[in-house]
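Observations on the model geometry
The chain contents come next:
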Amino acid sequence: MLPWVVRRTRLPLLSLRCVDCRSESATTGEGRFRVNANGKLLDVWLLVRCVSCDRTSKLTVHERAPVRSLDPAQLDGYLVNDPGLVASRLLDPLFAQRNHFTLDWTGAWRLETPSAWLDEAWPVQVEVTFDDPVPVRPERLIARGLGLSRNEVLRRIKCDVSLRRTTSTGFTFTVMAEN
Ligand SMILES: [Zn+2]
């Protein structure tokens, strides 16, 4: 079984409408949180910037959360803008839903494939795993990874998931020899 890995190369952009210039693209940039303490309650935001006009918006991570309800290590992560924490918040589907944005993965990921392809005997089995939740259409991913046309993919690939349905979870497929 040949391993293919889908992995992000940087943080994706956010599809989020700017209230000033109506652009629909924002970035976390270096990745910064803002923490505001109000008595024993904390607000935590992730700051994002419009890519067109640079306007900064705050996306709610925690709203009026009791200080003791937060894991101290995590609170520390917010205070030092821990890059791992920025990534995990940004990629959290619930966070995206609450703050009304979707992720734009264009150019933010790559497919890693082993080069030792020619030694394999037909049919070849491939296992695709996802290091990051990048939404891909199996049909397109396979065409790209194998350098095949879409028609060839439909003809030569047997797959355990729908080739057309976008997924971010692992799957396997079999490449049949060319007839
Ligand atoms: Zn803007």
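Before reading further, recall that the structure is shown in the block above.
Attention in this report is confined to the structure presented alongside it. The numbering scheme is per chain: residues are counted from 1 as the chain's sequence reads. This being a predicted model, a pLDDT of at least 70 is required before a residue's local features are given, and a value of 80 or more before pairs of side-chain atoms are given or counted; all residues contribute to the totals for chains, interfaces and linings. Note: side-chain values were computed over all heavy atoms of the structure, leaving out hydrogens and water.

**What to know about the overall build of the chain**
Each helix and strand in the chain was counted, giving 5 helices and 10 strands. Note on method: radius of gyration uses C-alpha positions; expected globular size equals 2.2 Å times residues raised to 0.38. The C-alpha atoms of the chain give a radius of gyration of 21 Å, which is well past the 16 Å a tight globule of 179 residues would have. With the C-alpha coordinates aligned to their principal axes, the bounding extent of the chain is approximately 70 × 40 × 25 Å. Across the 179 residues in the chain, those meeting the buried criterion constitute 38%. Considering only residue pairs separated by 6 or more positions, the chain has 64% of its internal contacts joining residues 24 or more positions apart. In this description, accessible areas are obtained by the Shrake-Rupley approach with a 1.4 Å probe, and a residue is regarded as covered only by the protein chains that are shown. Working note: accessible area of the chain is about 10,600 Å², and carbon and sulfur atoms make up 47% of it. Per the convention used, a helix needs a DSSP run of H or I reaching at least four residues, while a strand needs a run of E reaching at least two, with both numbered from the N terminus. Each residue is placed in one exposure class: buried if its accessible area under a 1.4 Å probe, protein chains only, is under 20% of its type's maximum, exposed if it is over 50%, and partly exposed if it falls in between. Throughout, a contact is declared for two residues whenever any of their heavy atoms are within 4.5 Å.

**As for the environment of Asp 104**
Position of Asp 104 relative to the elements: it lies in strand β6 (residues 102–104). Taking the relative accessible area as the measure of exposure, Asp 104 reaches 23% and is therefore partly exposed. Residues Asp 104 and Thr 27 lie 77 residues apart in sequence; the distance between their C-alpha atoms is 9.9 Å. Ignoring sequence-local partners within four residues, the contact set of Asp 104 consists of Pro 12, Leu 13 and Ser 15. N or O atoms within 3.5 Å of each other form a polar contact, as long as, within protein, one can give a hydrogen and the other can take it, and as long as residues adjacent in sequence are counted only when both atoms are side-chain atoms. Within the structure, Asp 104 has its side chain in polar contact with the side chain of Thr 106 (distance 2.6 Å).

**Here we look at the coordination of the zinc ion**
Only Cys 18 (SG), Cys 21 (SG), Cys 50 (SG) and Cys 53 (SG) from the protein coordinate the zinc ion, and they sit 2.3 to 2.4 Å from it. Any N, O or S atom lying within 2.8 Å of the metal counts as a donor, with the limit raised to 3.2 Å for Na, K and Ca; because water is left out of the atom set, some sites can appear incomplete. Sites are called tetrahedral only when four donors show all angles between 85 and 135 degrees, square planar or octahedral only when four or six donors show opposite pairs over 155 degrees and all other angles between 65 and 115, and irregular in any remaining case. Here the zinc ion is ringed by 4 donor atoms whose angles at the metal span 102 to 115 degrees, and the overall shape comes out tetrahedral. The sequence pattern describing where the donors of the zinc ion fall on their chain is C-x2-C-x28-C-x2-C. One end of the pair, Cys 18, is in the loop between β2 (13–15) and β3 (26–38); the other, Cys 50, is in strand β4 (residues 41–50), with 32 residues separating them in the sequence. Assigned by exposure class, Cys 18 and Cys 50 land together as buried.

**Considering the pattern of salt bridges**
Any Lys or Arg side-chain nitrogen found within 4 Å of a carboxyl oxygen on Asp or Glu counts as a salt bridge. Per the counting criterion, the structure on display carries 11 salt bridges. A salt bridge links Asp 131 to Arg 7, with the shortest nitrogen-to-oxygen separation between them at 2.9 Å. Taken together, the positions of Asp 131 in the loop between β8 (124–130) and α4 (138–146) and Arg 7 in strand β1 (residues 2–8) put the pair 124 residues apart, joining distant regions of the chain. The exposure class of Asp 131 is partly exposed, given its relative accessible area of 46%. One network of salt bridges, in which partners are shared, links Arg 7, Arg 110, Glu 112 and Asp 131.

**Brief notes about the pairing of β1**
A regular strand carries its side chains on alternate faces of the sheet. In this structure, β1 lies alongside β8, joined through 5 bridges in parallel fashion. Bridging across to β8, Val 5 finds its partner in Thr 129. Here the rule is simple: two strands pair whenever DSSP picks up at least two bridges between them. Where β1 and strand β7 (residues 109–112) come together, 4 bridges link them in antiparallel fashion. Bridge assignment links Arg 7 to a residue of β7, and that residue is Arg 110.

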